[in-house]
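Overview (structure and organization)
The chain contents come next:
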Amino acid sequence: MSAFAVDPTVPRTNAADIAAALKDPGFGRYFVDFMAMATWSRADGWHDRALVATGPLSLHPALSGLHYGQQIFEGLKAYRHPDDSVWLFRPEKNAARFAHSATRMQMAPLPVDDFIESVTKVVEQSLDWVPQPEGEQSLYLRPFMFASENQIGVKASDFYTYICLGMPVMPFYPEPLKLWVSPTFSRSMAGGTGDAKCGGNYGASMIAEDEAHRNGCTQVLWLDSATRSWVEEGGTMNFLVVTADGELVTPELNGQILAGVTRDSLLKLASAHGLRPRERPLAFTELVEGITSGHITEAFACGTAAVVSPVVTIRSPELDLTVGDGQPGAKTLELRGHLTGIQFGTEPDERGWMRRVG
Ligand SMILES: Cc1ncc(COP(=O)(O)O)c(C=O)c1O
């Protein structure tokens with residue numbers, strides 16, 4: 001396997017311009033100088049691994065990924081620690097999920113080693129772009145892959161292009177969430193792509209997000225498409241609740257839910273906070289009755305971009321519920337603090353989740 005070779009001619013952004021970008025990076029507004037690239041063909045497998053200048057691609061309009069949606073992506077972050085070292089959080093989980101998404105979309109899985117090396121090298125070449133941890137800023141990595149055969153015709157592509165971009169970011173949803181239960185739209189279905197991170201899932205969800213906004217909510221609480229009685233996810237995040245008797249409950253991974261790295265990490269941290277983790281079906285009626293009776297004391301959504309976002313409202317055409325006292329819950333904030341403490345190097349990393357890059 002050839003390594004991702006760094007193109008030495010790529011121009012580097014000067015320190016003053018990086019400092020200006022890091023003052024208010026937003027999310028996905030500024031990009032680091034290098035991106036990783038690799039190509040797959042049916043004849044040669046993965047090849048042409050390189051770190052090149054981040055910049056426009058020249059694409060033929062018949063590129064099959066533009067027509068038939070063979071496209072997948074990932075999201076993970078690099079964090080600066082108090083001693084200035086830079087670390088990735090559980091990148092092997094994203095590598096495995098990327099391969100899973102590729103398999104579901106009949107694309108060529110990128111080997112785990114290539115995924116980790118490409119992400120690591122983008123960070124290594126971008127250490128000046130990794131923000132100081134104030135305000136929980138970090139460097140977001142966006143590995144993605146698309147079908148790159150120039151051919152109109154529905155079939156699995158004979159060529160794929162892999163790219164990993166890097167960008168400094170703030171956390172995504174700084175405000176507590178109000179979730180909208182759509183009477184109309186669904187995110188996934190049995191046998192569908194709910195547990196793959198493919199662009200089509202997100203394209204199909206935007207109409208429901210717009211409906212949520214028109215109803216005064218920030219994001220959608222997704223229910224199962226067949227019966228609309230089971231809770232699945234919250235926006236582009238996993239959904240969890242805390243009960244009065246000390247359970248941390250989240251819908252089990254049933255093929256229709258994305259297996260979040262944050263979700264998995266929080267379930268593993270639960271016991272340190274006096275919570276018993278439970279992955280099981282969560283009925284919407286149980287959620288409504290639990291919030292109404294006070295048995296469910298807290299709700300939150302979690303993901304890499306958003307970290308942990310407290311949920312304070314659940315709204316549908318029929319109901320408008322306030323979770324707890326309408327403020328972020330104590331356990332939610334404890335779990336958030338613990339996880340971000342590990343990521344930013346202020347809490348012990350007892351499970352070896354962090355991987356040093358620079
Ligand atoms: C649909 C969906 N669910 C859940 C998540 C959370 O996953 P993770 O914690 O790995 O970021 C994401 C974000 O990647 C997502 O897009």
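Preceding block: the structure.
What you see is a predicted model; the values in this text were computed from it and never measured.

Rules and cut-offs
- Residues numbered from 1 in each chain as written.
- Predicted model: local features only at pLDDT ≥ 70, side-chain atom pairs only at ≥ 80, totals over all residues.
- Heavy atoms only, no water.
- Helix = DSSP H or I, 4+ residues; strand = E, 2+ residues; numbered from the N terminus.
- Rg over C-alpha atoms; globule rule 2.2 N^0.38 Å.
- Buried < 20%, exposed > 50% of the residue type's maximum accessible area, 1.4 Å probe, protein only.
- Core = buried A, V, L, I, M, F, W, Y, C linked by side-chain atoms within 4.5 Å.
- Expected span 1.5 Å × (residues − 1).
- Pairing = 2+ DSSP bridges.
- Phe/Tyr/Trp six-rings, centres within 6.5 Å; stacked < 30°, edge-to-face > 60°.
- Axes fitted to C-alpha atoms, helices over the stretch in contact; angles between N-to-C directions.
- Parallel < 35°, antiparallel > 145°, perpendicular 65-115°, else oblique.
- Left-handed = near helix turned anticlockwise from the far one by under 90°.
- Contact = heavy atoms within 4.5 Å.
- Nonpolar A, V, L, I, M, F, W, Y, C, P; charged D, E, K, R; others polar.
- Near = heavy atom within 4 Å.
- Polar contact = N/O pair within 3.5 Å; in protein donor to acceptor, adjacent residues only side chain to side chain.
- Areas by Shrake-Rupley, 256 points an atom, 1.4 Å probe, with all protein chains shown as cover.
- 1 Å grid on protein atoms, 1.4 Å probe; cavity = no way out; pocket = protein on both sides within 12 Å on 5 of 7 lines; lining within 4 Å.
- Sits in = over half its atoms within 2 Å of the grid points.
- Points joined across faces, edges and corners; volume = space filled by probe spheres on them.
- Domains from an automatic or database assignment.

A few words now on the overall build of the protein. Secondary structure assignment for the protein yields 8 helices and 18 strands. For the protein, whose C-alpha radius of gyration is 21 Å, the value lies close to the compact-globule estimate of 21 Å for 358 residues. The principal-axis extents of the C-alpha atoms in the protein amount to approximately 65 × 50 × 35 Å. For the protein, the residues scored as buried account for 53% of the 358 residues in total.

Counting buried positions along helix 6 (residues 261-269) yields 8 of 9 residues, so the element is predominantly enclosed. Buried within helix 6 are the following residues: Val 261, Thr 262, Arg 263, Asp 264, Ser 265, Leu 266, Leu 267 and Leu 269.

A general trend in soluble globular proteins is that nonpolar side chains are found buried together. Membership of the largest hydrophobic core comes to 41 residues, with the highest contact counts inside it found for Trp 46, Leu 141, Met 145 and Tyr 162. Looking at which element gives the most residues to this core, the answer is helix 4 (residues 112-124), with 5 residues. With 23 residues, the next largest nonpolar core counts Leu 177, Val 231, Val 249 and Leu 287 among its residues.

Compared with the 18 Å implied by 1.5 Å per residue over 13 residues, the 18 Å span of helix 4 between its first and last C-alpha is a close match. Of all the residues in helix 4, the buried ones are Asp 114, Phe 115, Ile 116, Glu 117, Ser 118, Val 119, Thr 120, Val 122 and Val 123.

Right, let's talk about the pairing of strand 9 (residues 177-180) for a bit. A regular strand places its side chains on the two faces of the sheet in alternate fashion. Looking at chain direction, strand 9 and strand 16 (residues 307-315) are connected through 4 bridges and run parallel. Its bridge partner being in strand 16, Leu 179 is matched across the sheet by Ile 314.

Applying the stated criterion across every chain yields a total of 8 aromatic pairs. Measuring from ring centre to ring centre gives 5.0 Å for Tyr 79 and Phe 344, while their planes differ by 85°; the resulting arrangement is edge-to-face. Within this pair, whereas Tyr 79 is found in strand 5 (residues 76-80), its partner Phe 344 is found in the loop between helix 8 (330-343) and strand 18 (354-356), the two being separated by 265 residues in sequence. An aromatic cluster of three or more residues is present, and its members are Phe 98, Phe 115 and Tyr 162.

On to the packing of helix 3 (residues 91-104) against helix 4. Between helix 3 and helix 4, the shortest axis-to-axis distance is 9 Å and the interhelical angle comes to 130°. In terms of their interaxial angle, helix 3 and helix 4 are classed as oblique. As for the relative orientation of helix 3 and helix 4, their crossing is right-handed in sense. Where helix 3 abuts helix 4, its residues Pro 91, Glu 92, Asn 94, Ala 95 and Phe 98 lie against Val 112, Phe 115 and Ile 116. Tallied by class, residues from the contact of helix 3 with helix 4 come to 6 nonpolar, 1 polar and 1 charged.

Let's shift gears to the site of the ligand. Around the ligand lies a shell of 15 residues, among which Lys 197, Tyr 202, Glu 233, Thr 262 and Thr 304 are the nearest. Contacts to the ligand include Tyr 202, whose side-chain N or O atom sits 2.5 Å from an oxygen atom. Here Thr 262 contributes a side-chain N or O atom positioned 2.5 Å from an oxygen atom of the ligand. Isolated, the ligand exposes 380 Å² of accessible area, and the fraction of that covered by the protein chains is 96%. Counting atoms within 2 Å of the grid points, the majority share of the ligand lands in the largest pocket. Of all the elements in the fold, those that place two or more residues in the shell around the ligand are strand 12 (237-243), helix 6 and strand 15 (296-303). The residue inventory of the shell around the ligand, partitioned by class, reads 5 nonpolar, 6 polar and 4 charged.

Moving on: empty space enclosed by the protein. If you walk through the whole model with that rule in mind, you get 3 cavities of 30 Å³ or more. When its volume is computed, the largest cavity comes out at roughly 100 Å³. Around the largest cavity, the lining is made up of 13 residues, and of these Tyr 79, Phe 89, Thr 262, Thr 304 and Gln 343 lie nearest the centre. A per-element tally of the lining of the largest cavity places strand 5 first, with 3 residues. Grouping the constituent residues of the lining of the largest cavity by class yields 6 nonpolar, 6 polar and 1 charged. If you count residues domain by domain, the lining of the largest cavity takes at least three from each of domain 1 (5-169) and domain 2 (177-343). What the second largest cavity holds in volume is close to 70 Å³.

Scope: geometric values only; no functional claims are made or implied.
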